[in-house]
Amino acid sequence: SLTELMFAEDRSCREIPQEQKYEGEVSSDRYVIAGVYRTGNHSMIYRALDTVTGKTVAIKKHQHFMPQTNASPQEMRDAEARFKREVQILSNLKHPGIVDVYGYFFKEDDFQNKPFLVTELIERDSLEELIKQGKTFNEQDARNLILSVGTPMDYLHTHNGRPIIHRDMKPDNIKVMSAESEWPH
């Protein structure tokens, strides 16, 4: 079983209020939202069409990345700069076990510019979902799983002499590929 890492993708599914859906909307003059893929405590992930490349992508709306609406203009600029810096770092990562980051945009939402991250869409079960389904791993599969998580983590920790720390490593953020699959995805 090979895995792919998803950055800070809280995927615990729950019902999505109607007002939070963007189906059919065009975002950033490039993406058409097809529907909600996953939602969690800190983000909502949409399936979307990139009208330039024709690819299906994931668009992650960060619920709490920006300060509250009563933040000062300087606090808003600082948060936006942090988001852009994080996207720049993530988009330069090139490893078959790490999701590709394509870009970002901001969209007015709830009277505030909200950041949206555009990534590769990986439609596979997470390790957490497999465990909840009762999936067991034999010794060889467990060894392969550990190696396939460790290899991208090693890449992050030794990236260009500037370590990157994944602050949300958990079974729900590990996508498990079938035994027949190979990198790249």
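The paragraphs below set out a description of the structure included in this document. (Residues numbered from 1 in each chain as written. Predicted model: local features only at pLDDT ≥ 70, side-chain atom pairs only at ≥ 80, totals over all residues. Heavy atoms only, no water.)

## Side note on the overall build of the protein chain
The condition that has to hold: Helix numbers and strand numbers start at the N terminus; a helix is a DSSP run of H or I with at least 4 residues, a strand a run of E with at least 2. Three labels apply to residues, based on accessible area from a 1.4 Å probe with only protein chains included: buried if under 20% of the type maximum, exposed if over 50%, partly exposed otherwise in between. In this analysis, two residues are considered to be in contact whenever any of their non-hydrogen atoms come within 4.5 Å of each other. Surface accessibility in these figures is a Shrake-Rupley result with a 1.4 Å probe; residues are shielded only by whichever protein chains are displayed.
Looking only at helices and strands, the protein chain has three helices and eight strands in total. Taken from the N to the C terminus, the helices and strands of the protein chain come in the order β-β-β-β-β-α-β-β-α-α-β. In the protein chain, which comprises 185 residues, the proportion classed as buried is 44%. The contacts in the protein chain between residues at least 6 apart in sequence include a share of 60% that link residues at least 24 apart. Accessible surface computed for the protein chain: about 10,300 Å², of which carbon and sulfur atoms make up 50%.

## Thoughts on the packing of aromatic side chains
Where we set the bar: The pairing test for Phe, Tyr and Trp rings, Trp by its six-membered ring, is centres within 6.5 Å, and the orientation test on the planes gives stacked under 30 degrees, edge-to-face over 60, and tilted for anything in between.
Applying the stated criterion to the full structure yields five aromatic pairs. When the centroid spacing of 5.8 Å and the interplanar angle of 20 degrees are considered together, the rings of Tyr 31 and Phe 105 count as stacked. Taken as a pair, Tyr 31 in strand β3 (residues 31–39) and Phe 105 in strand β6 (residues 101–109) lie far apart in primary sequence, 74 residues in all. A relative accessible area of 6% places Tyr 31 in the buried class. Relative accessible area serves as the criterion here: at 5%, Phe 105 is assigned to the buried category. Seen from their ring centres, Phe 105 and Phe 116 are 5.0 Å apart, and the 5 degrees between their planes marks the pair as stacked. With Phe 105 in strand β6 and Phe 116 in strand β7 (residues 112–120), this residue pair connects regions lying eleven residues apart in the sequence. Residue Phe 105 shares its accessibility class with Phe 116, and that shared class is buried.

## Topic: helix α3 (residues 139–157)
This is how the line gets drawn: Here the expected length of a helix is defined as 1.5 Å per residue gap, with one fewer gap than residues. Think of it as the arc spanned by the lines of direction from the helix axis to the C-beta atoms. Here a polar contact is taken to be a pair of N or O atoms separated by no more than 3.5 Å, where protein atoms must pair a possible hydrogen donor with a possible acceptor and residues adjacent in sequence count only if both atoms sit in side chains.
An ideal rise of 1.5 Å per residue puts 27 Å on 19 residues; α3 measures up with 26 Å between its terminal C-alpha atoms. Taken together, the buried positions of α3 are occupied by Asp 141, Leu 145, Ser 148, Val 149, Pro 152, Met 153 and Leu 156. Angularly, the buried residues of α3 cover 125 degrees about the axis, an arc narrow enough to put them on a single face. Counted as exposed and oriented over 90 degrees from the buried face of α3: Glu 139, Ile 146 and Leu 147. Capping the start of α3, Asn 138 holds a side-chain oxygen 3.0 Å from the backbone nitrogen of Gln 140, two or three residues further along.

## A few points about the environment of Leu 156
Inspection of the secondary structure assignment puts Leu 156 in helix α3. Each C-alpha atom, one on Leu 156 and one on Ile 98, is 9.4 Å from the other, the two residues being 58 residues apart in sequence.

## A closer look at helix α1 (residues 73–91)
Over its 19 residues, α1 extends 27 Å from the first C-alpha to the last, a length consistent with the 27 Å expected when each residue adds 1.5 Å. Inspection of α1 places Met 76, Ala 79, Phe 83, Val 87 and Leu 90 among the buried residues, and these make up the whole buried set. Buried residues along α1 cover an arc of 75 degrees about the axis, so they all sit on one side. Exposed side of α1, more than 90 degrees from the buried face: Pro 73 and Gln 88 are the residues found there.

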